[in-house]
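# Chains, contacts and geometry: an overview
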Amino acid sequence: MMRLPWFRHESPRSIAEAARILAGEGPHAMLIAGGTDLLPNMKRRQQTPRVLVSLRRVEGMKQVANGQGLTLGGGLTLSEVIATDAVRERYRGLWQAASQIATPQLRNMGTLGGNLCLDTRCNYYDQNYEWRKAIDFCMKKDGKICWVATASKRCVAVTATDCAPALIALDAKVRLVSSAGERDLPLAELYRNDGIDHLARRPDEILTDVVLPDARSWKSSYWKLRRRGAFDFPVLGVAAAAKILPDGTVLEARVALGAVSSHPFLTKAGEFLAGTRLTDEVVAEAGRMVASRAKPMDNADFDVYWRKEVVAEFVTYALREIRGDDTSAVRLRIARRTL
Ligand SMILES: Cc1cc2nc3c(=O)[nH]c(=O)nc-3n(C[C@H](O)[C@H](O)[C@H](O)COP(=O)(O)OP(=O)(O)OC[C@H]3O[C@@H](n4cnc5c(N)ncnc54)[C@H](O)[C@@H]3O)c2cc1C
Ligand code: SF4
């Protein structure tokens, strides 16, 4: 049985108090929300904070402000996000992404903020201490070399958050609060293409809110590739959103990718799609364009070449769903692993 290392637990009641504790403790402290990612990592000694600052009792982390756009508190559990009518009705891509994360039990504990700040993943890193010690560790924790790309100076561990690509396609911002003040950041700018230093968030900052713009006339969709139809982390996440005029012309569009690099990112497909109609040819070309940007590494599940190949297909599923095709049979095939 893997045991947690010793740590001190702080349970502040307000965002200001949490920010004050974080600032005072410095880099040895970490926030804990649902703990569904951090606690397993601590048991494997991948992350070893001396102080945990819990967000569970912090007031103001669970707000839902529904106006022209939508603001979601970073402390909402994924189950609460899914149960929010505005998410289901107007931000379908986010609803689909959150619904496909882990299991109902984990979604009852895991939060939106924790999901967006999730650690990156790698087959050589997500192992217990003894396993990692047997290979002399790796650059991400306790070692010097990257076992995936031995000549690389950079860790290429993979982003595994499902909500991030969906929210990037929806043009979301995040609010970061510290004892020094607060700032709003486009979500895409929260991430860096670096498996170790993967967040632009400072250690003393709390992600308090996700701010979504008005999504009227927009449609969105999220498609996830994983080994099992439930439970598994993504090895590919494709998120698309488009504002479509009544005559079928795309006014604006965004296509984002997750799980094929150290950061979730926006592709150039949106620029290509603007002004077009989502014909089969346009959709196929967008798929090819996005696939050329995906550079999966051999540190996650499935054959790396197949994972790259399948990107184009997943983009076409997302865009076809947005144009109104019935894609339920494809979703079922993916869930049953008969792709
Ligand atoms: C078996 C299993 C399967 C999983 N499958 C998936 C999956 O398919 N897709 C997926 O996306 N995730 C998956 N997860 C990961 C995890 O359950 C979710 O991402 C969850 O939403 C994490 O939220 P949390 O509140 O539990 O985060 P925590 O574990 O509490 O924290 C995660 C990280 O975020 C930081 N953090 C937490 N809240 C904040 C905040 N408000 N501001 C700043 N930093 C913060 C913490 O310091 C920590 O670094 C899985 C986990 C397990 C154990
Ligand atoms: S990508 Fe390399 S450095 Fe990063 S976790 Fe994997 S093996 Fe370690």
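All residue numbers refer to positions counted from 1 along the written sequence of the respective chain. Labels are handed out in written order, letters beginning with A for the chains and numbers beginning with 1 for the ligands. At least 70 in pLDDT is required for a residue's local features to be given in this predicted model, at least 80 for side-chain atom pairs to be given and counted, and no such filter applies to totals for whole chains, interfaces and linings, which use all residues. Hydrogens and water molecules were not included; the side-chain quantities draw on all heavy atoms of the structure.

### Describing a positive patch on the surface
As a reminder of what qualifies: Patch membership is restricted to residues that have no salt bridge and whose relative accessible area is over 30%. Joining uses 9 Å for like charges and 5 Å for the nonpolar side chains Val, Leu, Ile, Met, Phe, Trp and Tyr. The Shrake-Rupley method, run with a 1.4 Å probe sphere, supplies the accessible areas, and residue values consider only the shown protein chains as cover. One speaks of a salt bridge when a side-chain nitrogen belonging to Lys or Arg is within 4 Å of a carboxyl oxygen belonging to Asp or Glu. A residue counts as positive if it is Lys or Arg and as negative if it is Asp or Glu; His and the chain ends are not included. To locate a charge, take atom NZ for lysine, CZ for arginine, CG for aspartate or CD for glutamate. Strands are runs of DSSP state E lasting at least two residues, helices are runs of H or I lasting at least four, and both sets are numbered from the N terminus onward. Buried, partly exposed and exposed residues are distinguished by accessible area as a fraction of the type maximum, computed with a 1.4 Å probe on protein chains only: under 20%, between the cut-offs, and over 50%, respectively.
Judged by side-chain charge, Lys268, Arg293, Lys295 and Lys308 come together as a positively charged surface patch. Summarising the element assignment, lysine 308 is placed in helix H12 (residues 304-323). A relative accessible area of 32% places lysine 308 in the partly exposed class.

### Digging into the packing of aromatic side chains
Describing an aromatic ring pair means giving the distance of the ring centres and the angle of the ring planes. The cut-off we apply is this: For Phe, Tyr and Trp, rings pair up if their centres lie within 6.5 Å, where Trp contributes its six-membered ring, and each pair is then called stacked (planes under 30 degrees apart), edge-to-face (over 60) or tilted (otherwise). Placement of a charge over a ring requires the Lys NZ or Arg CZ to be within 6 Å of the ring centre, with the centre-to-atom vector within 35 degrees of the ring normal.
In this structure the tally under the stated criterion is 6 aromatic pairs. With a centroid separation of 6.4 Å and an interplanar angle of 65°, the aromatic rings of tyrosine 124 and tryptophan 131 are classed as edge-to-face. Taking the relative accessible area as the measure of exposure, tryptophan 131 reaches 34% and is therefore partly exposed. Arranged with centres 5.1 Å apart and planes meeting at 45°, the rings of tryptophan 223 and tyrosine 317 form a pair that is tilted. Separated by 94 residues along the polypeptide, tryptophan 223 in strand S9 (residues 218-225) and tyrosine 317 in helix H12 bring together distant segments of the chain. For tryptophan 223, a relative accessible area of 1% gives the class buried. Note on tyrosine 317: relative accessible area 5%, which makes it buried. The cationic tip of arginine 121 hangs over the ring face of phenylalanine 233; the distance from NZ or CZ to the ring centre is 3.7 Å. Above the ring of tyrosine 125, the side-chain terminus of lysine 140 is found at 4.8 Å from the ring centroid.

### Some points on the packing of helix H11 (residues 280-293) against H12
We apply this condition: Axis definition: a line fit to C-alpha positions, over the contact stretch in the case of helices; interaxial angles, taken between N-to-C directions, run 0 to 180 degrees. Here the angle decides the label: under 35 degrees means roughly parallel, over 145 means roughly antiparallel, 65 to 115 means roughly perpendicular, and every other value means oblique. Definitions for this section: a left-handed crossing has its near helix turned counterclockwise from the far helix by less than a right angle. A right-handed crossing has that turn clockwise. Two residues qualify as a contact provided that any one of their heavy atoms is within 4.5 Å of a heavy atom in the partner residue.
For the pair H11 and H12, interaxial distance at closest approach is 8 Å and the crossing angle is 140°. Compared by their axis directions, H11 and H12 come out oblique. The crossing of H11 and H12 is right-handed. Along its contact with H11, which presents Asp280, Val283, Ala284, Ala286, Gly287, Arg288, Val290, Ala291 and Ser292, the element H12 presents Lys308, Val311, Ala312, Val315, Thr316, Leu319, Arg320 and Arg323.

### Quick word on the site of ligand 1
Rules: By convention in this text, a residue qualifies as near a molecule or strand provided that one of its non-hydrogen atoms is within 4 Å of it. We call two N or O atoms a polar contact when they sit within 3.5 Å, provided that within protein one can donate a hydrogen and the other can accept it, with sequence-adjacent residues counted only if both atoms are side-chain atoms. Think of it as three bins: nonpolar holds Ala, Val, Leu, Ile, Met, Phe, Trp, Tyr, Cys and Pro, charged holds Asp, Glu, Lys and Arg, and polar takes everything else, Gly as well.
As a structural note, the neighbourhood of ligand 1 is formed by 33 residues, with Leu31, Thr36, Thr111, Asn115 and Asp162 the closest of them. A distance of 2.9 Å separates an oxygen atom of ligand 1 from a polar atom in the backbone of aspartate 37. In this structure, leucine 38 approaches ligand 1 through a main-chain N or O atom, which is 2.8 Å from an oxygen atom. Across the shell around ligand 1, the residue classes break down as 19 nonpolar, 9 polar and 5 charged.

### Some words on the site of ligand 2
Around ligand 2, a shell composed of 13 residues is seen, among which Cys122, Cys138, Cys146, Cys155 and Val156 lie nearest. Split into classes, the residues belonging to the shell around ligand 2 amount to 11 nonpolar, 1 polar and 1 charged.

### With respect to the nonpolar core
Stated formally: Only buried residues count toward a nonpolar core. Its members are Ala, Val, Leu, Ile, Met, Phe, Trp, Tyr and Cys residues joined through side-chain atoms within 4.5 Å.
One finds Leu94, Leu116, Cys163, Leu167, Leu187, Leu190 and Leu212 to be the most contacted residues of the largest nonpolar core, which totals 40 residues. Take this core: its biggest share by element is 6 residues, from helix H9 (residues 163-169). Residues contacting leucine 116, with those up to four places away along its chain left out, are Thr161, Cys163, Ala164, Leu167, Val174, Leu187, Leu190, Tyr191, Leu199, Leu207 and Val210. Listed in part, the 34 residues of the second largest apolar core include Val255, Val260, Val282 and Val283.

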